[in-house]
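One-letter residues, chain by chain:
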Amino acid sequence: MVKINSKDGLIYVDATLVHGNSSITLKNALVDTGSSATVISRDIAYSLGMKPEPTDIINSVQGVGGSESVIEKKIDAICLDDVAAANFSIQIGAMNYGIELDVIIGLDLLTACKVVMNLENYTLTAIKE
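These remarks concern the structure in this document.

Note on soluble globular proteins: their nonpolar side chains tend to be buried together. Formed by 30 residues in total, the largest nonpolar core has its most connected members in V13, L17, I40, L80, I105, L109 and L124. Elements with a contribution of two residues or more to this core: β3 (10-19), β4 (22-31), α1 (42-47), β7 (66-80), β8 (83-93), β9 (103-105), α2 (107-112) and β11 (123-126). Among the elements that line this core, the one with the most residues is β8, at 5 residues. Once you skip the residues sitting within four places of it in the chain, L109 turns out to touch T38, I78, L80, A85 and F88. Among the nonpolar cores identified, the runner-up in size contains 6 residues, and Y12, V39, M95 and I104 belong to it.

This is how it looks when you write it as structure tokens:
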């Protein structure tokens with residue numbers, strides 16, 4: 001079970017990103033059910049050793065604030081406490097959205113992990129099959 005934090009009317013969780021021999025835990029992981037993709041900042045990607053390569057797929061993500069070009073990469077793991085996905089495709093972008101955040105947890109990760117959001121108890125829980 002993952003504890004949700006609310007800040008300025010938005011929902012945040014802690015997220016740990018693992019890639020190669022590097023890992024980082026982030027406190028500003030925005031849970032955004034309106035985002036189809038999980039997005040991390042370029043700075044975070046670089047700290048994990050993820051650099052742009054000529055073979056990278058370039059996508060575009062859109063939101064209320066506009067759109068930006070992003071690079072798609074596979075990350076070894078993304079973990080929200082006991083909710084985790086391995087070898088998961090994420091998007092890497094500038095993330096200049098005017099609010100303090102390091103990663104957007106999108107619907108792709110929430111559905112891949114079969115997450116149920118309980119806003120009465122402020123938790124995320126993965127359905128175990």
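Here we take up the sheet that holds β11. Picture the strands of a sheet paired through backbone hydrogen bonds; they go either parallel or antiparallel. Overall, antiparallel pairing links the 3 strands, which are arranged β1-β11-β10 in an open sheet. Of all strands in the sheet, those with a lone pairing partner are β1 (2-3) and β10 (115-118), marking the two edges. Bridging between β1 and β11 involves 2 bridges; their strand directions are antiparallel. Each bridged residue has a counterpart across the sheet, and for V2 the counterpart in β11 is L124.

This part takes up the pairing of β7. With 3 bridges connecting them, β3 and β7 associate as antiparallel partners. Bridge assignment links T16 to a residue of β7, and that residue is C79. Taking the residues that link successive antiparallel strands as the turn, the β7-β8 hairpin has 2 residues, and the phi of D81 there is positive, at about 55°.

Calculation criteria
Residues numbered from 1 in each chain as written. Predicted model: local features only at pLDDT ≥ 70, side-chain atom pairs only at ≥ 80, totals over all residues. Heavy atoms only, no water. Core = buried A, V, L, I, M, F, W, Y, C linked by side-chain atoms within 4.5 Å. Buried < 20%, exposed > 50% of the residue type's maximum accessible area, 1.4 Å probe, protein only. Helix = DSSP H or I, 4+ residues; strand = E, 2+ residues; numbered from the N terminus. Contact = heavy atoms within 4.5 Å. Pairing = 2+ DSSP bridges.

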